[in-house]
Amino acid sequence: MTYDVIIVGGGPAGLFTACNIDKKLKVLVLEKNKTLGIKFLMSGGGQCNITHGGNIKNFLKHYGNNGQKIRQILYKFNNQQLIKFFKDRGINFVEREDKKIFPASFKAADILDVLLKVCKNNGVDIKYESNVENVTFINDKSIFKVIGNKKMYESRHFVLAAGGCSYPTTGSDGSGFNLGKQLGIKITKIKPSLVPIYVKDYPYSELAGLSYKDINVQIFRENKKIREEEGDILFTHDCLSGPLILNLSRYLKKKDIIRLNYLNEKIETIKLSNFLKNKGKIQINTALKEFTNLSKKHTDLILKNIDINHEKKCSQINNIETKKILSKIILDEFEIVRNAGFNKAMATCGGIDLNDIDLKTLSAKNNNRLWFVGEIIDIDGDTGGYNLQFAFSSAKKCAENINNICISV
Ligand SMILES: Cc1cc2nc3c(=O)[nH]c(=O)nc-3n(C[C@H](O)[C@H](O)[C@H](O)COP(=O)(O)OP(=O)(O)OC[C@H]3O[C@@H](n4cnc5c(N)ncnc54)[C@H](O)[C@@H]3O)c2cc1C
């Protein structure tokens, strides 16, 4: 039989596309794993940060340099409409203080259940352990011939929802890009995004787990500042992480300099030296605790790394030492060595070239029966629910356009 639509990939983007395609159409989802949505079930640590609160207009700046290009996709099916879709099917949501939205049960599995129920009600066919390796056209590009697990399927429309390369063990291993290439689509350079960063001579192993809010972070390349943002950071046992570092990771290159400013304001040496003079007999680490928001453990480590005994009295600190202390608080600099790779990246930077997609419909410019949704597209969002919102918004847009073409014919 010839299906109306074959979707490769049973993640949130593929399943939501299937959910929104008209029941009258015969839809097949081909998923390489034994189960669906493996990466989705890991989202938000299994709790599923499905989207973000606030106005959808504020989303655009959270997709790197490509946010403006997907404006219509996000506006057409925004965060409120996404929440409504699941609320109408019995899921309640909570919005945290940081505006991240989760199902009230904090279970990604509850959202996946809804997707599966809707697919079932709509009569969507799902074939598991069907790794699609080949796709070609027949009949002058009007029929797709798809080979999955040695079986051949045919369809009038073909949707690539195979994810990117992040967490490849979940099935999202980049094989979707090969399928795109087989159909004449360009793939932009791929690299990990939302990924922790390794720096040269990392000094903070013993601070593992320590995080700070609203830290000013600057990035320099060849002595030129290329980026400056404020946000939350985390020291792990061997690298830098936390929301701000993850969000910045898409811009970073080896040998870039990352500068952390724990004070978030311009403090001159003179101000610090006056402050220390006034503290007289008080121990330097105690005084610094008052002057900065740094933890005591961190302050002690900074002092140790610049060879100042943390028990030294403030009155004993000389000008050179004051400068050293200040430089570590305002200019804690690190050279970037590498990122933690796709195994630890929550998103993929790069993918199906936006120049090859008609972003009004999400079909290929060279073939209006070939479609792309979710992470496979060259769009990657910040942490906070932006990637799942894009997966759902793009799926909705694609399904509506397939319906428009197929039902009106
Ligand atoms: C640990 C982790 C936590 C995350 N947390 C969040 C979060 O809280 N909020 C948020 O917004 N985003 C989060 N993300 C990102 C989010 O999970 C992804 O953006 C989202 O899953 C992308 O959906 P997708 O359907 O496009 O791709 P995927 O979820 O990757 O699904 C693609 C599917 O296609 C299948 N597939 C691939 N190739 C083939 C093939 N050749 N043949 C057949 N099947 C194939 C795969 O097996 C997979 O099931 C997180 C990511 C990770 C890794």
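Residues numbered from 1 in each chain as written. Predicted model: local features only at pLDDT ≥ 70, side-chain atom pairs only at ≥ 80, totals over all residues. Heavy atoms only, no water.

**A few points about the pairing of strand 15 (residues 257–261)**
Then comes step 1: By the criterion of burial, strand 15 is predominantly enclosed, with four of the five residues buried.
Then comes step 2: When strand 12 (residues 211–221) meets strand 15, the two strands line up antiparallel, connected through five bridges. Residue pairing across strands places N216 opposite N261, the latter belonging to strand 15.
Then comes step 3: Here strand 15 pairs with strand 16 (residues 332–339) via four bridges, running antiparallel. Within strand 16, the residue paired with I257 across the bridge is E335. (Buried < 20%, exposed > 50% of the residue type's maximum accessible area, 1.4 Å probe, protein only. Helix = DSSP H or I, 4+ residues; strand = E, 2+ residues; numbered from the N terminus. Pairing = 2+ DSSP bridges.)

**Examining the packing of aromatic side chains**
Then comes step 1: Scanning the model with the defined rule gives 18 aromatic pairs in all.
Then comes step 2: For the pair Y212 and F235, a centre-to-centre distance of 6.2 Å together with 85° between the ring planes defines the contact as edge-to-face. Highlighted residues: Y212 in strand 12 and F235 in strand 13 (residues 224–235), separated in sequence by 23 residues.
Then comes step 3: You can call F235 buried: its relative accessible area is 0%.
Then comes step 4: With a centroid separation of 5.8 Å and 55° between ring planes, the pair formed by Y212 and Y262 is classed as tilted. Here Y212, found in strand 12, pairs with Y262, found in the loop between strand 15 and helix 8 (269–279); they are 50 residues apart in sequence, far enough to count as distant.
Then comes step 5: Using a relative accessible area of 9% as the deciding quantity, one classes Y212 as buried.
Then comes step 6: Within the aromatic cluster, the residues linked to one another by ring pairs are F16, F40, F77, F85, F86 and F392. (Phe/Tyr/Trp six-rings, centres within 6.5 Å; stacked < 30°, edge-to-face > 60°.)

**What to know about the domain arrangement of the protein chain**
Then comes step 1: Domain annotation for the protein chain reports domain 1 (2–191 + 347–408) and domain 2 (197–339).
Then comes step 2: Its C-alpha centre places domain 1 at a distance of 41 Å from the equivalent point of domain 2.
Then comes step 3: Listed by partner, the interface residues are ten residues for domain 1 and seven residues for domain 2.
Then comes step 4: Together, the buried faces of domain 1 and domain 2 total about 610 Å²; carbon and sulfur atoms form 37% of this surface.
Then comes step 5: Seen at the junction of domain 1 and domain 2, the total is two salt bridges.
Then comes step 6: Note that R250 is salt-bridged to D382, the shortest N-O span being 3.0 Å.
Then comes step 7: Split into classes, the residues belonging to the side of domain 1 that touches domain 2 amount to two nonpolar, five polar and three charged. (Domains from an automatic or database assignment. Contact = heavy atoms within 4.5 Å. Buried area = accessible area lost by both parts, 1.4 Å probe. Salt bridge = Lys/Arg side-chain N within 4 Å of Asp/Glu carboxyl O. Nonpolar A, V, L, I, M, F, W, Y, C, P; charged D, E, K, R; others polar.)

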